[in-house]
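Structural characterization, general
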Amino acid sequence: MSAGTYAHPARLVLMNPGPVMTDGRVRDALGGPDLCHREPEFSELLARVRHRTTLVAGGDDRHTSVVLTGSGTSAVEAAISSVVPADGGLLAVDNGHYGERFSHIARAHGIRSHRLELGWGNPADPAAVDRALSDRPGLTHVGLVHHETSSGMLNDVAALTEVAHSHGCEVIVDAVSSIGAERIGLAEDGIDWLAGSANKCLEGAPGLGFVSASRTAFEALAGAPRRSYSLDLHRHYLAQEKAQAPAFTPGVPAFYAFDTALSLAVAEGWEARNLRYRGLARQLRDGLEELGLEILLPPEQRAAGLTAVRIPGGWSYSELHEGLRAHGFVIYAAQEQLARDYFRLSTMGCMTEGDIGRFLLVLRRLLGDRDGTTGTRQARTRTGEGGEV
Ligand SMILES: *Cc1c(COP(=O)(O)O)cnc(C)c1O
């Protein structure tokens, strides 16, 4: 694969779970005017973006959001490192890569944590969380992933939050790959801390993350330990809420784009976006099954935005990636323990039925060429370990 092969494609269909394909209006917004972030224009932009972010998180008048320049991980890390008290601890509910990441981030900041390993692709059982918290009364926080992007599993945040609260724990929810396209009830479910990013189901440009919570909770961070300087949520809250300016130089163009993306997200609404993604996912999943390909999770556990698929027999991930990339489709590898047997296809962002239709056509042809058939019997079960032919 040489760089030249891929130079300046007309339009790549991005089936990686973020950054997603964006609306033309979002991309155009990136070219907004040069701006000083300590002038009134940026204060207005910041206030609008924070307000709309709180709306899409399902917050009400009691809630607000702090928008950070950084990726989704920086928002999750800002929350974990800022909210767990010095004598507190975090339960990381781990049914995939991002659940596990909670415990890695806690460890990086010297925060006591316990990793509740449920196994990738297994549901996050509220009863297991209940038992884990009963066994460890010193824990103060529970880290939850809403859409576990490593498998495509949608976890039941409302039920898990209820269990955490029954033990007097706060929840930190990683909603990076769900917010915008799945139901999120900051107010309704009493989520304490919610972290998200601009460039997945909110369809903004990459470069911004955010944390949403109640104003009271942000205020209460005044007494919390300062484990990080640049990811200190209380510092960012004071700057954005009181001084109406960011603590540090923000990614101004990403703010322009997020402002536009949020107005589109609010106008569409999460339900309509969920239906749009689900429609694309259904078309994709039906097509994959017609080709004999196996999908990782049972239908009722799948998020709208992601499908993990077994790599067809006789193929390696990189062969599949290159074959599809040559036709303008970017697929995504699975991580760690799923990497050998699965790959991932996102239905987030400005994707169309036409894109999915063409993808399935190209995939069918690719598999058929290799197999010498029409490509309908590709999911031969792999024989033995590392069964590439
Ligand atoms: C993508 C993702 C992240 C990390 O986002 P980055 O922007 O890559 O830092 C965190 N959590 C989940 C669930 C994700 O899907």
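Leu 91, Val 142, Ile 179 and Leu 194 are the most contacted members of the largest nonpolar core, which totals 44 residues. Residue contributions to this core peak at 7 residues, all from helix 9 (residues 252-268). Setting aside its immediate chain neighbours within four residues, Val 142 contacts Leu 90, Leu 91, Val 93, Leu 133, Ala 164, Cys 169, Glu 170, Val 171 and Ile 172. Judged by nonpolar contacts, the second largest core, of 30 residues, contains Val 66, Ile 80, Phe 102 and Leu 231.

Here we come to the packing of aromatic side chains. Any aromatic ring pair is given by two values, namely how distant the centres are and how the planes are angled relative to each other. With the rule as written, the count across this model stands at 6 aromatic pairs. Ring geometry for Tyr 229 and Phe 248: centres 6.1 Å apart, planes at 35°, overall tilted. Here Phe 248 lies in the loop between helix 8 (233-242) and helix 9 and Tyr 229 lies in the loop between helix 7 (215-220) and helix 8, a separation of 19 residues in the sequence. A cation over an aromatic ring shows up here: Lys 200 above the ring of Tyr 98, its NZ or CZ 5.9 Å from the ring centre. Residue placement shows Arg 235 over the ring face of Tyr 229; its charged tip is 3.7 Å from the ring centre.

In this approach a probe as big as a water molecule rolls over the atoms, and the regions it shows empty are the leftover space. By volume, the largest pocket amounts to about 300 Å³. What lines the largest pocket is a set of 22 residues, among which Thr 73, Tyr 98, Arg 101, Val 176 and Lys 200 lie closest to the centre. Contributing elements (two or more residues each) for the lining of the largest pocket: helix 3 (72-83) and helix 4 (97-108). Broken down by element, the residue count for the lining of the largest pocket peaks at 3 residues, all from helix 3. Two domains each put at least three residues into the lining of the largest pocket: domain 1 (13-21 + 270-383) and domain 2 (24-263). Looking at the second largest pocket, its volume works out to about 220 Å³. Contributing to the lining of the second largest pocket are 14 residues, with Leu 14, Val 20, Met 21, Thr 22 and Arg 27 lying nearest its centre. Here the lining of the second largest pocket is composed, by residue class, of 10 nonpolar, 2 polar and 2 charged. The two domains that each donate at least three residues to the lining of the second largest pocket are domain 1 (13-21 + 270-383) and domain 2 (24-263).

According to the stated counting rule, one finds 24 salt bridges in the structure shown. A salt bridge links Arg 115 to Glu 100; the shortest N-O distance between them is 3.5 Å. Residue Arg 115 is found in strand 4 (residues 112-117), and its partner Glu 100 is found in helix 4; the two are separated by 15 residues along the sequence. What makes Arg 115 partly exposed here is its relative accessible area of 29%. For Glu 100, a relative accessible area of 13% corresponds to the buried category.

So, on to the sheet that holds strand 8 (residues 170-174). Strand order in this open sheet of 7 strands is 2-10-9-8-5-3-4, and the pairing throughout is mixed. Only two strands of the sheet have a single partner each, and these edge strands are strand 2 (63-69) and strand 4. Taking each pair of neighbouring strands and ignoring which way they run, the sheet shows an average axis angle of 20°. Here strand 3 (residues 89-94) runs beside strand 5 (residues 141-145); their pairing, made up of 3 bridges, is parallel. What sits directly across from Ala 92, in strand 5, is Gly 143. Where helix 3 meets the sheet, its contacts fall on strand 2, strand 3, strand 5, strand 8, strand 9 (193-197) and strand 10 (208-214), and the angle it forms with strand 9 comes to roughly 160°. Relative to the sheet, helix 4 contacts strand 3, strand 4, strand 5 and strand 8, its axis offset from that of strand 3 by approximately 155°.

Applying the stated criterion across every chain, the model contains 2 cavities of 30 Å³ or more. Within this model, the largest cavity holds a volume of roughly 50 Å³. If you go around the largest cavity, the residues you meet are Ser 81, Ser 82, Leu 221, Ala 224, Pro 225, Arg 226, Arg 227, Ser 228, Leu 231, Asp 232, Leu 233 and His 234. Partitioned by chemical class, the residues of the lining of the largest cavity number 5 nonpolar, 4 polar and 3 charged. Lining the second largest cavity are Ser 151, Gly 152, Ile 295, Leu 296, Leu 297, Arg 302, Leu 306, Thr 307 and Ala 308.

Definitions and limits used
Residues numbered from 1 in each chain as written. Predicted model: local features only at pLDDT ≥ 70, side-chain atom pairs only at ≥ 80, totals over all residues. Heavy atoms only, no water. Core = buried A, V, L, I, M, F, W, Y, C linked by side-chain atoms within 4.5 Å. Buried < 20%, exposed > 50% of the residue type's maximum accessible area, 1.4 Å probe, protein only. Helix = DSSP H or I, 4+ residues; strand = E, 2+ residues; numbered from the N terminus. Contact = heavy atoms within 4.5 Å. Phe/Tyr/Trp six-rings, centres within 6.5 Å; stacked < 30°, edge-to-face > 60°. Lys NZ or Arg CZ within 6 Å of the ring centre and 35° of its normal. 1 Å grid on protein atoms, 1.4 Å probe; cavity = no way out; pocket = protein on both sides within 12 Å on 5 of 7 lines; lining within 4 Å. Points joined across faces, edges and corners; volume = space filled by probe spheres on them. Domains from an automatic or database assignment. Nonpolar A, V, L, I, M, F, W, Y, C, P; charged D, E, K, R; others polar. Salt bridge = Lys/Arg side-chain N within 4 Å of Asp/Glu carboxyl O. Pairing = 2+ DSSP bridges. Axes fitted to C-alpha atoms, helices over the stretch in contact; angles between N-to-C directions.

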